[in-house]
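The chain contents come next:
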Amino acid sequence: MTHGSDSMDSMDSPVYGTFGNGSGRSPEPEPQYSLKMFGEVVKTFRKRARLTQEQFAPLVGYSPETVASVEQGRRLPPPDFAERADSILDAFGVILAAAKHLTRRKGLASWFRQWAELELSALSLYTYECRLIPGLLQTAAYARTLFADQLPPLADEQIEAQLAARLDRQRLLHERPNTAFSFILEEHLFLRDLGGKEVTRELLDHILDLSELRNVDIQIMPLLRHHHAGLHGPMRLLETPDHQWFGYLEGQEHGQLVSDPKVISALQMRCASMRSQALSLDDSKSLMRQMRGAR
């Protein structure tokens, strides 16, 4: 698992895109590169227009924090950012030209990148996971354990690159307060004590803190359930600003970005059913506190 977040059995379903190298092993993350040049171009034209980041942000449709992250080269710009910025700043196509070179993201596998870019502007994001804690909720210690245990082994610089990309993605939970994030996690993910009891204790504290955010819902699927709509495996769903839905399904060697309406409808039904089968938000917090106290 290159980004350590999802996996599932293969499905014979229409997909928008399938990513993988077909070599029987997880693809390497794409090579390191810098976003600083693109950020400097945007900042230069913004200052030329005599706009502060706070003034520019609502014009381009993103938060000041997102604008700052792009200008500092800490994140890939959202899909429509370059086009809007070029038009608003009257940049003569320079920003659009610079954006054409932003085709790779440090620490992310190429087959996951397209989904990661959709996340940047999603209105809602639903995640069900039965193998490990989703990347957006992981602590650095938990994520490092995943990367250190990966086979074939990763070099130290690869681990650091993937960890940096993981932590950067997590900024979404705080930088997009108007995006609704919903997670359904299997109880056994915490009982496994991956990385040891201290790592799990820190993980539970971290997820309990995130559950207090108004835009983040976290539900636990208990060990004992006579009916379970998630037996097909992990899945993700998101809604774009244009109200189009995409799904993402991941196996050990590749990921599938799904857009077929029939498949999306099935995934939505399963997700809705699981939300009723999982513990309520309050009961989920109570269970996590109990598991925290037992460690």
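Bear in mind that the values here come from a model prediction, so they are computed numbers and not experimental data.

Definitions and limits used
- Once a new chain begins, its residue numbering starts again from 1 and follows that chain's sequence as written.
- Whole-chain, interface and lining totals are the exception, using all residues; otherwise, since this is a predicted model, local features are given only for residues with pLDDT of at least 70 and side-chain atom pairs are given and counted only at 80 or more.
- To get the side-chain values, all heavy atoms of the structure are used, and hydrogens and water are removed first.
- What makes a salt bridge here is a side-chain nitrogen of Lys or Arg within 4 Å of a carboxyl oxygen of Asp or Glu, nothing more.
- Numbering of helices and strands runs from the N terminus, with a helix taken as a DSSP run of H or I at least four residues long and a strand as a DSSP run of E at least two residues long.
- Throughout this description, buried means an accessible area under 20% of the type-specific maximum (1.4 Å probe, protein chains only), exposed means over 50%, and partly exposed covers the range between.
- Angles run from 0 to 180 degrees between N-to-C directions of axes, and those axes are lines fitted to C-alpha atoms, restricted for helices to the stretch in contact.
- For classification purposes, angles smaller than 35 degrees are called roughly parallel, those larger than 145 roughly antiparallel, those between 65 and 115 roughly perpendicular, and all remaining angles oblique.
- For any pair of crossing helices, the crossing counts as left-handed if the nearer helix is rotated counterclockwise from the farther one by less than a right angle, and right-handed if it is rotated clockwise.
- Two residues form a contact once any of their heavy atoms are found within 4.5 Å.
- Throughout, the ten residues Ala, Val, Leu, Ile, Met, Phe, Trp, Tyr, Cys and Pro are labelled nonpolar, Asp, Glu, Lys and Arg are labelled charged, and all others, Gly among them, are labelled polar.

(A) Quick peek at the pattern of salt bridges. A complete count under the given rule lists 13 salt bridges for this structure. Note that Asp 193 and Lys 197 form a salt bridge whose closest N and O atoms lie 3.3 Å from each other. The residue Glu 198 makes a salt bridge to Arg 201 at a minimum N-O spacing of 2.3 Å. Highlighted residues: Glu 198 and Arg 201, both in helix 11 (residues 197–210), separated by 3 residues, approximately one helical turn. You can call Arg 201 buried: its relative accessible area is 15%. Connected through salt bridges with shared partners, the residues Glu 119, Arg 169 and Arg 236 form a single ionic network.

(B) Main features of the packing of helix 11 against helix 13 (residues 281–293). The interhelical angle for the contact between helix 11 and helix 13, taken along N-to-C directions, is 155°, at an axis separation of 9 Å. Here helix 13 runs roughly antiparallel to helix 11, going by the angle between their axes. Relative to helix 13, helix 11 is oriented so that their crossing is left-handed. Residues Arg 201, Leu 204, Asp 205, Ile 207 and Leu 208 of helix 11 pack against Lys 285, Met 288, Arg 289, Met 291 and Arg 292 of helix 13. Split into classes, the residues belonging to the contact of helix 11 with helix 13 amount to 5 nonpolar, no polar and 5 charged.

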